[in-house]
Amino acid sequence: MEKILAKHDLAGGYCNSLTTYSRYLTREVNIGDIALGGHNPIRIQSMTTTDTMDTLATVEQTIRMVESGCEYVRITAPSIKEAENLANIKKELRYRGYNVPLIADIHFTPNAAEMAARIVEKVRVNPGNYADKKKFENIEYTQDAYNAELSRIYKKFIPLVKICKEYGTAMRIGTNHGSLSDRIMSHYGDTPRGMVESAMEFIRMCEDQNYYNLVISMKASNTQVMVQAYRLLVETMAKEGMNYPLHLGVTEAGDGEDGRIKSAVGIGTLLEDGLGDTIRVSLTEDPEFEAPVAKALADRYTLRSQKSEVGSPESTSLRPTLSAQRQTYSPYEYNRRVTAPVQHIGGHHHPVVMIDVSKENLKDPYFLSAVGYNYSAGLDKYNLADQACDLAYLGDNLPSFSFPGNLKQVYNYSTWLKLQDKNNCHPLFSLEEFVQAEIKDELLNFVEVDAGTFQPSNLQTLQPNVVLILKTSAVHGMAEQRTFFTALQAQNIQVPVIIKRSYEDADADNLMLYAATDLGALLTDGFGDGVWIDAQGQNLALINSTSFGILQATRTRISKTEYISCPSCGRTLFDLQETTQLIRSRTDHLKGIKIGIMGCIVNGPGEMADADYGYVGTGPDKITLYRGKEVVKKNVTTAYALDELIDIIKGDGNWVEKN
C-alpha cells in the first residue's frame, strides 16, 4: 500500500497552530469496521481486567465496556494460550451481536503476538520489551553492538509485521516511559527522546516492509514526560514524512479524583493542540468507568470551531509575538517561566491556590474546613491541612470572624479602600482602577486582565508589587492565555501571573476534567504562578481539591502522597482496587512520597519508573517490594507485604506518624 501523507504547516513545531484549534490530520488506519485517524472522531477504548482464559467473564465485561462507550476493547495475551483463546472470545462476542474490534496486548512474547494477529483486529506491542528481556542493566553499547542488537530484534519482529500485512491487522507501537530497553537507555537515557527513538526504530522496520497500518503511543505516569514525548514524536515523524495516528493515555493514573485529574492533564494538554486520535483513560477501577471519562474529554473538541482563533480584532497587537513563541518557549522540556516574586507568589515559590469564598456564610468560620483550615472553637485557632488554599477572594463581603493568619484575603479595590484594618488584606483592581488609583497596597496588588484584549507591553509601567489575574473568555482559552505568557517572555516581563478560568455550566465531573486540561496544559509548560478556578455554585471542597490535584498532577506543587497505580488487566495477581485502598489508608499522610502499586511484573519496575517505592505482584499471594527500581524483598506473603513496605520506608527515614 502506498504511504499517504497529509500536509501540515506545523506552525507550533508539533501541531498545526499554537493559536487556533486545529485537529492534526493523520493517516487513516482501519481497525475492523471502525476507522481511526484521518477525519474520523476521536475514538474511545479501554482494557479488560478479567483472566483472558475465562471466556465468558471476558465477553461479559467487554459487553459492559461497549455499552459504556468503548469503541475498541483491548485484552491481554501474555502467552500463546491466551492468544489462542482470543478466537473463542471473539466468536462469542460476534454470536451475541457485538462487532467491537479487539486488540491484543503483548509484552515479551513474539509467538503470542503472531498468533493474536491472525485472530483480532489489532495488536499492541511494546518496543521496550518485545523480543527483549529487560534486565535494568547499564550496558555500554558501541555503535556496532547497538546495530547488531537492532538487527536481532528486526529478525524477531518482521514475522509479526508480515502476518499483520497478510491478515489486514493493525498494530500499535506503544512505548512506555518505564520500560525502555537497556539498549535505548544506554544511548538516550530515561528521556522523552529515548521514548521517541524506541518507537521510531520499530516504525522504520515496519516501513521497510511497506507496512503502514500503525498507531503510535508515548505513555508515562509523569504527565510532563508524556506530553513532551508525544510532541517530540509528532515533530520527529513529520521530519521523516510520517503522520501515524496517536493513541493518548497516562499510564497508572490511579483512581478516583486523582486518576481523572492526572489523565485530563496529560491527555487534555495534547488534545488542546489538536493531537490525538484515540484515548484510553487508565484508572484503577472497573474498565467500564474509564470510557465515560475519555468520552467527556473527547466530546469537548467535537464542536470546537476550527475558527476559534485566539483573540479579538482589538488584540492583533499580540500577533507579532507569535513568531517569538518558538524562540521563548520550548514544548519539549519543562522550564518554569522566570518571574520576580511578590510576597510568596512567583519566583521560586510553588504556585498558589486562590478560591472565591464570597458566596459562603461569612459568619461561620467552619466553612473554611472545605479549603483546608479546620477551626477549633475551644482553642479559637485553625489547624491547617496539607491542602490549605493560599488566597481567599471575598469580593465586597466582610467576614464577622478572624481569618487564619496565613490565609490572605483579597477584596475588590473599592471595598479594600474602606477597610480599617488592612493587615493581610489585599486589593483586586481592574486595569483601569489600578491606573487611576492614588492609594495602593504597599506589599501586594492584584490586577485582573483579559488575555484577549490586554497588551502585555502596557505592563512595563506597572509597579513591581503587582500580580496579574489572567482570565479568558475564548473558546480556545488555553491557547489565548499561552500566547499572553509567551508575549511576556518575549518582552522579558517578569510579573507573576495567577491563571483564572471560569466554568458556569460544568457539573462536578466535567469541572475536574476541564480545569485539569485548561490549567494543567499551561502549568505543564511552566506557565502560571497560581490557579483560580471560578465555579459558582460548585462545592468549595471540590474546587479546592481540584486545584491542588492539578498542581500535583503537573508536578508543580506536591501536597500529598502520590500513588502510581496500574489499571487492572488479565495479568493482575491481586485485587488491585482493594489493595490500593488498603495501602492508601496506611500511607496517605506521607506527603511527597510516590508509591507504585503494580499488579504484575510487566507493569512492575519499569512502569513505576517515577516511584520512590513499589509493591508488585510476582505470583499468587506473593509480593515483591522495591525501592525505586531496586528489589528490596522478594516474594513476600501478601498478608505481611504492606507492613514490610512500611518498614522499608521507616528504615529510609521517610516515615512520619499520622497526626
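The structure contained in this document is the topic of the report that follows. Since this is a predicted model, take the numbers as computed values, not measurements.

Details of the packing of aromatic side chains
Now for step 1: Overall, the coordinates contain 15 aromatic pairs when judged by the stated rule.
Now for step 2: Here Tyr-413 and Trp-416 contribute two aromatic rings whose centre-to-centre distance is 6.2 Å and whose plane-to-plane angle is 25°, an arrangement assigned as stacked. A residue pair is termed a helical-turn pair when its members lie 3 or 4 positions apart in one helix, as Tyr-413 and Trp-416 do in helix α11 (residues 413-418) at three residues.
Now for step 3: Every member of this aromatic cluster is reached through a ring pair, and the members are Tyr-413, Trp-416, Phe-429 and Phe-434.
Now for step 4: Between Arg-183 and the ring centre of Tyr-146, over which it is positioned, the NZ or CZ distance is 5.5 Å.
Now for step 5: Positioned above the aromatic ring of Trp-532, the side-chain terminus of Lys-500 is 4.1 Å from the ring centre.

Observations regarding the sheet that holds strand β19 (residues 497-502)
Now for step 1: Spatially, β11-β14-β15-β16-β17-β18-β19-β20 is the arrangement adopted by the eight strands of the closed barrel, whose pairing is parallel. Taken pair by pair, the neighbouring strands of this sheet meet at an average axis angle of 25°, ignoring direction.
Now for step 2: Of the pairings in the sheet, the one linking strand β18 (residues 466-471) to β19 comprises three bridges and is parallel in character. Among the inter-strand pairings, Leu-468 is bridged to a residue of β19, identified as Val-497.
Now for step 3: Where helix α13 (residues 477-490) meets the sheet, its contacts fall on β17 (445-450), β18 and β19, and the angle it forms with β19 comes to roughly 165°.
Now for step 4: Across the face of the sheet, helix α14 (residues 508-524) comes into contact with β19 and β20 (530-534) while running at roughly 155° to β20.

Some thoughts on the pairing of strand β14 (residues 391-395)
A regular strand places its side chains so that they alternate between the two faces of the sheet.
Now for step 1: Among the five residues of β14, five are classified as buried, and the element is accordingly described as predominantly covered.
Now for step 2: Examined bridge by bridge, β14 and strand β15 (residues 408-412) share four bridges and lie parallel to one another. Within the sheet, the bridge partner assigned to Leu-391 lies in β15 and is Lys-408.

Quick word on the layout of surface pockets
To find the voids left in a structure, one rolls a probe of water-molecule size over its atoms.
Now for step 1: Here the largest pocket defines a volume of roughly 400 Å³.
Now for step 2: Around the largest pocket, the lining is made up of 13 residues, and of these Arg-300, Ala-474, Val-475, Arg-501 and Ser-502 lie nearest the centre.
Now for step 3: A class-by-class count of the residues in the lining of the largest pocket yields five nonpolar, three polar and five charged.
Now for step 4: Computed from the structure, the second largest pocket encloses a volume of approximately 320 Å³.

Description of the environment of Asp-258
Now for step 1: With respect to the secondary-structure elements, Asp-258 resides in helix α8 (residues 256-272).
Now for step 2: C-alpha separation for the pair Asp-258 and Ala-553, spaced 295 residues apart in sequence, amounts to 7.9 Å.

Some words on the packing of helix α6 (residues 192-208) against helix α7 (residues 223-239)
Now for step 1: Between α6 and α7, the least distance of the axes is 8 Å, while the angle of their chain directions is 45°. The angle between α6 and α7 falls in the class oblique. As α6 packs across α7, the resulting crossing turns out to be right-handed. Counting all contacts with α6, which are made through Pro-192, Arg-193, Met-195, Val-196, Met-200 and Ile-203, the residues of α7 involved are Val-225, Gln-228, Ala-229, Leu-232, Leu-233, Thr-236 and Met-237.
Now for step 2: Residues of the contact of α6 with α7, tallied by class, amount to 10 nonpolar, two polar and one charged.

With respect to helix α17 (residues 638-651)
Now for step 1: Its 14 residues place the ends of α17 20 Å apart at the C-alpha level, agreeing with the 20 Å of an ideal helix rising 1.5 Å per residue.
Now for step 2: Every buried residue of α17 is accounted for by Ala-641, Leu-642, Leu-645, Ile-646, Ile-648 and Ile-649. Angular distribution of buried residues about the axis of α17 spans 155°; they occupy a single face of the element. Away from its buried face, by an angle of more than 90 degrees, α17 presents the exposed residues Ala-639, Tyr-640 and Gly-651.
Now for step 3: Gly-653 sits one or two positions beyond α17 and adopts a positive phi of about 80°.

Examining helix α9 (residues 290-302)
Now for step 1: The terminal C-alpha atoms of α9 lie 19 Å apart, and with 13 residues this matches the ideal 18 Å at 1.5 Å per residue to within 8%.
Now for step 2: Residues of α9 that are buried sit in contact with β3 (43-47), α8, β10 (278-279), β19 and α14.

Each value, and the rule that gives it
- Residues numbered from 1 in each chain as written.
- Predicted model: local features only at pLDDT ≥ 70, side-chain atom pairs only at ≥ 80, totals over all residues.
- Heavy atoms only, no water.
- Phe/Tyr/Trp six-rings, centres within 6.5 Å; stacked < 30°, edge-to-face > 60°.
- Helix = DSSP H or I, 4+ residues; strand = E, 2+ residues; numbered from the N terminus.
- Lys NZ or Arg CZ within 6 Å of the ring centre and 35° of its normal.
- Pairing = 2+ DSSP bridges.
- Axes fitted to C-alpha atoms, helices over the stretch in contact; angles between N-to-C directions.
- Contact = heavy atoms within 4.5 Å.
- Buried < 20%, exposed > 50% of the residue type's maximum accessible area, 1.4 Å probe, protein only.
- 1 Å grid on protein atoms, 1.4 Å probe; cavity = no way out; pocket = protein on both sides within 12 Å on 5 of 7 lines; lining within 4 Å.
- Points joined across faces, edges and corners; volume = space filled by probe spheres on them.
- Nonpolar A, V, L, I, M, F, W, Y, C, P; charged D, E, K, R; others polar.
- Parallel < 35°, antiparallel > 145°, perpendicular 65-115°, else oblique.
- Left-handed = near helix turned anticlockwise from the far one by under 90°.
- Expected span 1.5 Å × (residues − 1).
- Arc of directions from axis to C-beta.

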